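Examination of the molecular architecture
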Amino acid sequence: MGQLVKLTDCISRYETDVYYYVPEFIRLKQRQWEQAKARWQAERTAEASGWLETGETWDVWLDKPSWWERLTKRWRRRVALTEEETFSLAPMARPAATLEELKQQFLDELFELQLKWASSTMMYVSSFDENVYSDETLKYFLQRFPDTYLCFYRPVAMVGKAPVELETMMLTPSAAWCIAFVEGRPDNIVMASTDRFWVERAGTEETRRVNPVVSLRRTEQIVSEIFRKHGVDWPIHLVLLNRSGYIDSGGLFPFIRYIDKRNYDEWFSRLRRSALPLRHGQLKAAEALLRHCASFYDRRNDGNMSGEEGQQ
């Protein structure tokens, strides 16, 4: 499960200490998944032996919190940060019938936790569009890739005093991938050109879309400058992605990797199978990017805290 390090222009707790929160999330996920799986298997065994009725859980018999309650337990952010927080995740509407279903339920619950981590710290909180909860593109980045992949989802960088929207980035243990989607109807064909607009063909219909290379190059230039400023030596790859259709590059823009229906499975499998661990250079790159991303937030309204707005 990729980690949501930055969500648009929201404040993120990764900004406070990316070296702590990245490995901490991995530990949290692994620990809670093992507990959830063990509990599910125990309940299945108990049902089969007649100890529990179908749909009943061990919570009826044991004075112990359920796995999702344990997932919401209070835990401490190192000695330097003494405030504790509770992450409230809803119980499952129904027990999972299979291990794969349990895994998906678990990932969906962690998705909401990730949104909380990517939009708040212990003192501040950012608002975001509620449609993010059903954003399938965001879920694709977070639920289909390894835990060591760090996602900057449509981040906003500060260039001087001006905010600039960037393409989504996946910071892996080997490179920074800047990814722009050029998807539409299944089996569409996107025709690349040097013009301001590209043509998309789907059946007998033709539509125009803004040339995505402009935004990709802008993202690359800003990221490259940030890396240079902070002494980060990390490869940057540019990708145009069309998972269900085709891209006719026409031989243009050789510095871009065109990933479409013809080579998507190979590209995706290679990234997904990566067993590389977190690397110091990767975390250094993430820290540098976070320093230059915009964050708009309010002070948490906890009774004695005012609604002071800020930006960094």
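Heads up: the structure comes first, above all this text.
Throughout what follows, the structure given in this document is the object of discussion. Because the structure is predicted, anything quoted here is derived from the model rather than measured.

Turning our eyes to something else, we now look at the pairing of strand E12 (residues 205-210). Where strand E11 (residues 197-202) lies against E12, six bridges are found, and the strand directions are antiparallel. When the bridges of E12 are listed, arginine 201 appears paired with glutamate 206. Turn length for the E11-E12 hairpin, with the two strands adjacent in sequence and antiparallel, is two residues, and the turn residue glycine 203 shows positive phi of about 65 degrees.

Unusually for a residue other than glycine, arginine 154 sits at a positive phi of about 50 degrees. Considering the arrangement of structural elements, one finds arginine 154 in the loop between strand E5 (150-153) and strand E6 (156-159). Taking relative accessible area as the criterion, arginine 154 reaches 45% and is therefore assigned partly exposed. One non-glycine residue with positive phi stands out, namely aspartate 187, at about 65 degrees. Checked against the element boundaries, aspartate 187 lands in the loop between strand E9 (176-181) and strand E10 (189-191).

Here the focus is the sheet that holds E9. Within the open sheet, the six strands sit side by side as E1-E5-E8-E9-E13-E15. Their pairing is mixed. Two strands close off the open sheet at either side, each with one partner strand: strand E1 (3-7) and strand E15 (256-259). With strand direction ignored, the average angle separating the axes of adjacent strands in the sheet is 25 degrees. For strand E8 (residues 168-171) and E9, the ladder comprises four bridges, and the chain directions are antiparallel. Bridged to methionine 169 within E9 is cysteine 178.

Definitions and limits used
- Residues numbered from 1 in each chain as written.
- Predicted model: local features only at pLDDT ≥ 70, side-chain atom pairs only at ≥ 80, totals over all residues.
- Heavy atoms only, no water.
- Pairing = 2+ DSSP bridges.
- Helix = DSSP H or I, 4+ residues; strand = E, 2+ residues; numbered from the N terminus.
- Buried < 20%, exposed > 50% of the residue type's maximum accessible area, 1.4 Å probe, protein only.
- Axes fitted to C-alpha atoms, helices over the stretch in contact; angles between N-to-C directions.

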